[in-house]
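# Fold and contact review
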Amino acid sequence: MKSKGGSSTLSKSITICSLGPLDDMITEHVAGHISNRCGLQYKISSRMDSPKYAFDEKRGQYNSKLILKRLTELSHNSLKFLAITQVDLFVPILKYVFGLAQVGGQCSIISTYRLRAQFYGHEPNQDLLMDRMGKTALHELGHSLGLTHCRDRRCVMYSSTNIADTDFKRSDFCPTCFELFRWQLENCGIRIKPRMPQF
Amino acid sequence: MARALRAESMKIVPPGKKKCVWMEAGVVSYKLCDNNYDCPTCVYDHAMQTKVARQKESMEMKPVGAPPEKFTATWVEKMMMLPASGRKCRYMITGEIGRKICPSAYECGTCSFDRMMQQRLQAEPLPVETPTQVAGFELADGFYYHEGHTWARPEYGGRVRVGLDDFAQRLLGKLSQIEMPNIGHELKQGEAGFSVKRNGETARVLSPIDGIVSRVNEKLLDHPELMNSSPYQDGWFAIIEPTKLRKNLKDLYYGEEAHTFTSDERERLFSMANDDLNIAADGGVSVEDISGELEEKEWGKLVKAFLRSK
Ligand SMILES: [Zn+2]
Ligand SMILES: [Zn+2]
């Protein structure tokens, strides 16, 4: 287990964990991105098993709600827990999801599956994948801290229906969402800089 | 308001809007049609006709000097001043047909071509441009939406076509039957006008406007699935002779408002569908048959919550 950021206790950090095989670079990028955007400390925990239990025969996809339920049953010694997987996720009534989170809960999950350029028939593009992962992770973390969807298309809390929405939005909270995000963190005893990243 | 002013100063006709015949004829510099080219019932047309008549009177009294105002001819008179090849038919102005020159003096009321167009336009729904994707649902542009997920589309002669939106279509899923009101039946905005059935359960559908039913889509009686495959075109429900159109349209969602309404409804539906866990999903077009996937939820209850009927 790696950790970064010094004195703060584990319970004030974000745990990032892969479900099944995943390129370490991705996990580290997401961790770095979150820490960079909001000054939160993180730890990367050891890999968990692939979520085979959530596979849906009819859909040929993994039910993200079942995974989230399973994650919430485990105890995590951290403020928030973000799982990353390579498998294709769905949730009842939607054809697919990039990520899913409990609003104001501890756990969230994101998938690389539909964030890869290859999924859309394009050449692999590592920078693009990292950009999309960063946005999706920050979005789910926002939900975990109690934020709901934002109407500003440029805000990271805008609900992405498709990948074009994700590519359009910025990797930052709009001023309103940022204030909310900061306030929620303060309630958890965490102070971050009142800086508004270039929005 | 600011947008309207800007459009006016630049004389741009926004997409989906159409020039008033008074603008087309060059009598006024900017005016969009807000009455579906139904000039006989148009307040603006009446006011302009009166204005022109008054202007003519005053000119007769003082025949010398330049006219103080330019409203000295009606739009028909202005159009008739053009060479014959410039006298566009009103269906050409609205873009319904490619090229058609008015053979008479814009006496649409007695024009056989006009009558044919009226009948054709009533029988067949107007083609819909590629709908906009909003929060995983399709919205047809230029349509007015009721909060009970029905739409209203003003057409020629002041009639209004109505139907169900894509959100409702996906929520209702495969229907076994659609029940239509009789022709001549009076509908009220926000009150039940139609009903739909699935697996022995019935849900009522609210009318988006006030008016008299003048035609129903009989194809739906045998093929309710048209409502699923083409909610904005072949799956239309009825044509209404509106009785309070202007007032009714103000109470419907249009453009950006319709987008916001749909996003909000999507959030509401998602939280209702997943009320066991307070979750938020990032991504995803909705599945084709929402209630089919929510078997454990009661169809009638779910549908009533969104069609807003009792
Ligand atoms: Zn925001
Ligand atoms: Zn979200």
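Computed from a predicted structure; not experimentally measured.

This paragraph deals with the overall build of chain A. Helix and strand counts for chain A come out as 5 helices and 10 strands. The C-alpha radius of gyration computed for chain A amounts to 16 Å, which stays within 12% of the reference 16 Å derived for 199 residues, consistent with globular compactness. For chain A, long-range pairs separated by at least 24 residues make up 67% of all intrachain contacts whose partners lie at least 6 apart in sequence. Only carbon and sulfur atoms are counted for the fraction: they give 49% of the accessible area of chain A, which is about 9000 Å².

Let us now look at the state of the cysteines. Within this structure, the stated rule accounts for 0 disulfides over all chains. Cysteine Cys111 of chain B remains unbridged, with the sulfur of Cys102 of chain B as its closest cysteine sulfur at 6.6 Å.

Quick look at the sheet that holds strand E8 (residues 94-97) of chain A now. All names here are of chain A. Read across the sheet, 4 strands follow the order E4-E5-E7-E8 without closing on themselves; strand pairing throughout is mixed. At either margin of the open sheet sits one strand with a lone partner, and together these are strand E4 (55-56) and E8. One ladder, built from 2 bridges, connects strand E5 (residues 61-63) with strand E7 (residues 89-91); its direction is parallel. When the bridges of E7 are listed, Tyr62 appears paired with Leu89.

What follows concerns the environment of Thr112 of chain A. Residues and elements named next belong to chain A. By the secondary structure assignment, Thr112 is in the loop between strand E10 (107-111) and helix H3 (126-144). With relative accessibility at 4%, the residue Thr112 sits in the buried group. Counting along the chain gives 14 residues from Thr112 to Gln126, while the straight-line C-alpha distance between them is 11 Å.

With that settled, the discussion passes to the pattern of salt bridges. Applying the stated rule across the entire model yields 30 salt bridges over all chains. Across the pair Asp210 of chain B and Lys244 of chain B runs a salt bridge whose closest N-O atoms are separated by 3.7 Å. Remark: Lys244 of chain B occurs in the loop between strand E11 (238-242) and helix H10 (245-250) and Asp210 of chain B occurs in the loop between strand E9 (201-206) and strand E10 (211-216); sequence separation between them is 34 residues. Here Lys247 of chain B and Asp251 of chain B are joined by a salt bridge, their closest N and O atoms 4.0 Å apart. Judged by its relative accessible area of 52%, Lys247 of chain B is exposed. Through salt bridges with shared partners, one network takes in Lys95 of chain A together with Asp166, Arg170 and Glu288 of chain B.

Once that is clear, we can look at the sheet that holds strand E3 (residues 144-145) of chain B. Residue and element names in this part refer to chain B. If you trace the 7 strands from one edge of the open sheet to the other, you get E7-E10-E11-E5-E4-E3-E12, paired in antiparallel fashion. Every other strand in the sheet has two partners, leaving strand E7 (186-187) and strand E12 (253-254) as the edge strands with one partner each. Examined bridge by bridge, strand E5 (residues 160-164) and E11 share 3 bridges and lie antiparallel to one another. Directly across from Val162, in E11, lies its bridge partner Ala238.

Further remarks concern helix H2 (residues 64-73) of chain A. Residues and elements named next belong to chain A. For H2, the full list of buried residues reads Ser64, Lys65, Ile67, Leu68 and Leu71. The buried residues of H2 occupy an angular sector of 160 degrees when the element is viewed end-on, so they sit on one face. The N-cap of H2, judged by a side-chain oxygen 2.9 Å from the amide nitrogen of Lys65 a few residues on, is Asn63.

It is worth spelling out the coordination of the zinc ion (ligand 1) at this point. All names here are of chain A. For the zinc ion (ligand 1), the full set of protein donor atoms is Cys150 (SG), Cys155 (SG), Cys174 (SG) and Cys177 (SG), at a range of 2.3 to 2.4 Å. One can describe the site at the zinc ion (ligand 1) as tetrahedral: its 4 donor atoms subtend angles covering 103 to 114 degrees at the metal. Ordering the donors of the zinc ion (ligand 1) by residue number gives the pattern C-x4-C-x18-C-x2-C. Linking Cys150 in the loop between H3 and helix H4 (163-168) with Cys177 in helix H5 (residues 175-187), this pair joins segments that are 27 residues apart in sequence. For the residue pair Cys150 and Cys177, the accessibility class agrees, reading buried in each case.

Glancing now at the domain arrangement of chain B. Residues and elements named next belong to chain B. Here chain B is partitioned into domain 1 (10-123) and domain 2 (129-310). Its C-alpha centre places domain 1 at a distance of 35 Å from the equivalent point of domain 2. With 13 residues of domain 1 at the interface, the matching set in domain 2 holds 15 residues. Both faces combined, the contact of domain 1 with domain 2 buries some 1200 Å², and carbon together with sulfur accounts for 39% of it. Linking domain 1 to domain 2 there are 0 residue pairs in polar contact (both at pLDDT 80 or more). If you tally residues by element for the side of domain 1 that touches domain 2, the top one is helix H6 (residues 112-123), at 4 residues. Of the residues that constitute the side of domain 1 that touches domain 2, the class distribution is 4 nonpolar, 5 polar and 4 charged.

So, on to the side chain of Ser18 of chain A. Residues and elements named next belong to chain A. Among the secondary structure elements, Ser18 is positioned in strand E2 (residues 13-19). Exposure remark for Ser18: the relative accessible area of 5% places this residue in the buried category. Within the local environment of Ser18, its side chain forms a polar contact with the backbone oxygen of Gly20, the two atoms lying 3.5 Å apart. One polar contact links Ser18 to Arg47, side chain to side chain, over a distance of 3.1 Å. In contact with Ser18, not counting residues within four places along its chain, are Arg47, Met48 and Ile84.

Now for the coordination of the zinc ion (ligand 2). Residue and element names in this part refer to chain A. Binding of the zinc ion (ligand 2) to the protein goes through His139 (NE2), His143 (NE2) and His149 (NE2), at separations of 1.9 to 2.1 Å. Of note, the donors binding the zinc ion (ligand 2) are all from one chain and are spaced H-x3-H-x5-H. The buried category is assigned to His149, whose relative accessible area is 17%.

Attention now moves to the pairing of strand E4 (residues 150-154) of chain B. Residue and element names in this part refer to chain B. Counting buried positions over the 5 residues of E4 gives 5, a clear majority of the element. Neither face of E4 is open: one carries Thr150, Ala152 and Pro154, the other Trp151 and Arg153, and all of them are buried. Across 2 bridges, E3 lies against E4 in antiparallel orientation. Among the inter-strand pairings, Tyr144 is bridged to a residue of E4, identified as Ala152. Counted between consecutive antiparallel strands, the loop separating E3 from E4 contains 4 residues, among which His149 sits at a positive phi close to 65 degrees. Across 5 bridges, E4 lies against E5 in antiparallel orientation. Looking at the pairing, Ala152 lines up with Val162 of E5. The turn linking E4 back onto E5 is made up of 5 residues, and Gly157 within it adopts a positive phi angle of 65 degrees.

What counts and how
Residues numbered from 1 in each chain as written. Chains lettered and ligands numbered in written order. Predicted model: local features only at pLDDT ≥ 70, side-chain atom pairs only at ≥ 80, totals over all residues. Heavy atoms only, no water. Helix = DSSP H or I, 4+ residues; strand = E, 2+ residues; numbered from the N terminus. Rg over C-alpha atoms; globule rule 2.2 N^0.38 Å. Contact = heavy atoms within 4.5 Å. Areas by Shrake-Rupley, 256 points an atom, 1.4 Å probe, with all protein chains shown as cover. Disulfide = S-S within 2.5 Å. Pairing = 2+ DSSP bridges. Buried < 20%, exposed > 50% of the residue type's maximum accessible area, 1.4 Å probe, protein only. Salt bridge = Lys/Arg side-chain N within 4 Å of Asp/Glu carboxyl O. Arc of directions from axis to C-beta. Polar contact = N/O pair within 3.5 Å; in protein donor to acceptor, adjacent residues only side chain to side chain. Donors = N, O, S within 2.8 Å, 3.2 Å for Na, K, Ca; no water. Tetrahedral: all angles 85-135°; square planar, octahedral: opposite > 155°, others 65-115°. Domains from an automatic or database assignment. Buried area = accessible area lost by both parts, 1.4 Å probe. Nonpolar A, V, L, I, M, F, W, Y, C, P; charged D, E, K, R; others polar.

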